[in-house]
Amino acid sequence: MTQPRASFPVLKGHAGLFSSFTFGRIGRWLEPVRDDVIAVGVIAGARPVGLAVGTFSPGRTQAELLSIAVAPPVRRQGLGRRLLKAWQTEALERGAAECRASYNESMTGRTALEAVLARGGWTRPRASGVVVIGRVGKMVDEVGGWPSVAGRLAMPRSCSFEPLELSAADIEAVERYLSDPEAADMLGPFRQAEPLALDFSIAIRRHGQLVGWLLATETRHPLIEASSDVPAIRYLEAYLDPAYRQSGIMVGAYYHCYSRQMARFGRDSIAIYYTSHDSRPRMVALTLRRFAPVAERVETILCAGSRLSVFCP
Ligand SMILES: CC(C)(COP(=O)(O)OP(=O)(O)OC[C@H]1O[C@@H](n2cnc3c(N)ncnc32)[C@H](O)[C@@H]1OP(=O)(O)O)[C@@H](O)C(=O)NCCC(=O)NCCS
C-alpha cells in the first residue's frame, strides 16, 4: 500500500489546533506547549489529523507517552506507526534513553494502541500496578478500622504530616531520595506534570526531618466520566524513606489526606490512587485485599516500553 503524504512536526508554541486528538487535561498543555511536553502532530492535506503527546523531564531517562491518536478517516494507513516513530525520535533528541506508556486495561482503543506499539518494537505490555477508584467516605471507614492506623494516630509526635512547604534542606532530601534507583519511577514534588492540590499534598516528617511525601491533584479523570461532576482527587505519588516502611506511616498519611478530602468535598467525592507492582508489591496485595471490596473500581494498569536508540524502528 502506498503511504499517504503526511508530515510529523514537533509542536512548539500554541498548538491548540491539535488538542482534540488528546484528553482534555492534556490538551491544555498545548497552549502553549509546555517545556516538559513532547508533542508531535500529523498533518495531511494541510490539516491536523493526529497527535502523539507525552512528557519528559530533564534529569530523567524515561519519556512517558500519554496519548496517541489519528483521525478515524485516515486510520489503518500507517500514520500511527510513523507518528510513534517521530515521537520517539524527538524523545531521543531531548535526551531520553527509553520511553514508556501506561494505560488502563479497560481503555477504549487498547487493541489498536497495542498493535501500534508492537509494530514499533515496544515490549509486550505487562501489569505494572493497580489503580483504585473509590468513594472517599468508604475508604476512610475502611482504613480507620485498621489497628496499624489506630496505633499510628495515637503515636507520640515523632511523625507528622505537614503542608508541602519545603526548605532548602528538604529540597536536598528530595533530590537524594529521587537519585536512589529504587525511586526510579518517582517524580517527586517538583516534576509532576499536573498541578498539585496543596490541600491534599503533604510532607511526611519524623522529628521534623523530611522522610517522604504524598502528592495529589484535582482531576476529572476519564475513568470517572460518568460521575464527572463529583470532585475527585488523584493521589499521584507516595514516597517514604525505606527505613520507615511497613510502619503504618504511609497508610496513616493516606488516612490523613482522605479525611481532609472527606471534610472538604464530602463522603461521596472520589479518591483515586495508584500502586506499582514493581516498587510496592506488598501495597498492591494490601490494596487488592482491603480496598477492592469497598472501591467503585479497581483496574490493572498495563505498561509497555522501548529503549531509544538511533536505530529505533
Ligand atoms: C491507535 C491509533 C493511533 C493507530 O493509528 P493508525 O494510523 O490506525 O495505525 P497504523 O495504521 O499505523 O497501524 C499500525 C499497526 O497497528 C495495526 N492496527 C492498527 N489499528 C488496529 C486495530 N484497531 N486492530 C488491530 N490492529 C490494528 C495495523 O494493522 C498496523 O499493523 P501492520 O503494520 O502490521 O499492519 C488509532 O487507532 C487511533 O487513533 N485510535 C484512537 C485513539 C486511541 O485509542 N489511542 C490510544 C490511546 S491514547
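A brief report on the enclosed structure follows.

Reading the values: the criteria
- All residue numbers here refer to positions counted from 1 along the written sequence of the relevant chain.
- Under the rules for a predicted model, residues below a pLDDT of 70 receive no local features and side-chain atom pairs below 80 are neither given nor counted, while totals for whole chains, interfaces and linings still include all residues.
- Only heavy atoms go into the side-chain values, all of them from the structure, while hydrogens and water stay out.
- Note on terminology: near, applied to a residue and a molecule or strand, indicates that one of the residue's heavy atoms is within 4 Å of it.
- Between N or O atoms, a polar contact is any pair within 3.5 Å; within protein, one atom must be a potential hydrogen donor and the other a potential acceptor, and residues adjacent in sequence are included only when both atoms are from side chains.
- In short, Shrake-Rupley with a 1.4 Å probe defines the accessible areas, and a residue's cover is counted only from the protein chains shown.
- Secondary structure elements are defined from DSSP: runs of H or I of at least 4 residues count as helices, runs of E of at least 2 residues count as strands, and each element is numbered from the N terminus.
- Each residue gets one label: Ala, Val, Leu, Ile, Met, Phe, Trp, Tyr, Cys and Pro are nonpolar, Asp, Glu, Lys and Arg are charged, and the others, such as Gly, are polar.
- Planes of paired rings set the category: under 30 degrees apart is stacked, over 60 is edge-to-face and the rest tilted, where pairs are Phe, Tyr or Trp rings (Trp by its six-membered ring) whose centres lie within 6.5 Å.
- Whether a charge lies above a ring is judged from NZ of Lys or CZ of Arg, which has to be within 6 Å of the ring centre and within 35 degrees of the ring normal.
- When a carboxyl oxygen of Asp or Glu is within 4 Å of a side-chain nitrogen of Lys or Arg, the pair counts as a salt bridge.
- Only protein chains enter the calculation, and the probe is 1.4 Å; a residue is then buried if its accessible area is under 20% of its type maximum, exposed if over 50%, and partly exposed in between.

## Looking at the site of the ligand
So, point 1. Inspection of the region around the ligand gives 20 residues, with Ile68, Val70, Arg76, Gly80 and Arg119 positioned closest.
So, point 2. Gly78 is positioned such that a nitrogen or oxygen atom in its backbone is 2.8 Å from an oxygen atom of the ligand.
So, point 3. A distance of 2.8 Å is found between an oxygen atom of the ligand and a backbone nitrogen or oxygen belonging to Arg81.
So, point 4. About the coverage of the ligand: the protein hides 74% of its 920 Å² of free accessible area.
So, point 5. Taken together, the elements giving at least two residues each to the shell around the ligand come down to strand E3 (62-70), helix H2 (79-94) and helix H3 (110-119).
So, point 6. The biggest single contributor to the shell around the ligand is H3, with six residues.
So, point 7. Residue composition of the shell around the ligand, grouped by class: nine nonpolar, seven polar and four charged.

## Remarks on the packing of aromatic side chains
So, point 1. Under the definition given, this model contains nine aromatic pairs.
So, point 2. An aromatic cluster of at least three residues, connected via ring pairs, comprises Tyr235, Tyr254, Tyr258, Tyr273 and Phe291.
So, point 3. Here Arg34 stacks its cationic end above the ring of Trp29, 4.4 Å away from the centre of that ring.

## Things to note about the pattern of salt bridges
Between side chains of opposite charge, a pair can form when the charged atoms approach closely.
So, point 1. The full count for this structure, using the stated rule, is 15 salt bridges.
So, point 2. Of the charged contacts, one joins Glu90 and Arg94 as a salt bridge, the two residues approaching to 2.9 Å between their closest N and O atoms. Remark: Arg94 and Glu90 occur in helix H2; sequence separation between them is four residues, near one turn of the helix.
So, point 3. Since its relative accessible area comes to 10%, Glu90 is described here as buried.
So, point 4. Judged by its relative accessible area of 27%, Arg94 is partly exposed.
So, point 5. Within this structure, Arg25, Glu194 and Arg234 form a network of salt bridges that share partners.

## Some details on unusual backbone geometry
A negative phi angle is the norm for most residues apart from glycine, just as the trans form is the norm for most peptide bonds.
So, point 1. With an omega dihedral of -5°, the bond running from Glu31 to Pro32 counts as a cis peptide bond.
So, point 2. Assignment of secondary structure puts Pro32 in the loop between helix H1 (24-27) and strand E1 (37-44).
So, point 3. If you check the backbone angles, Arg76 has positive phi at about 60° while not being a glycine.
So, point 4. Secondary-structure assignment places Arg76 in the loop between E3 and H2.
So, point 5. According to the relative accessible area criterion, Arg76 is exposed, its value standing at 81%.

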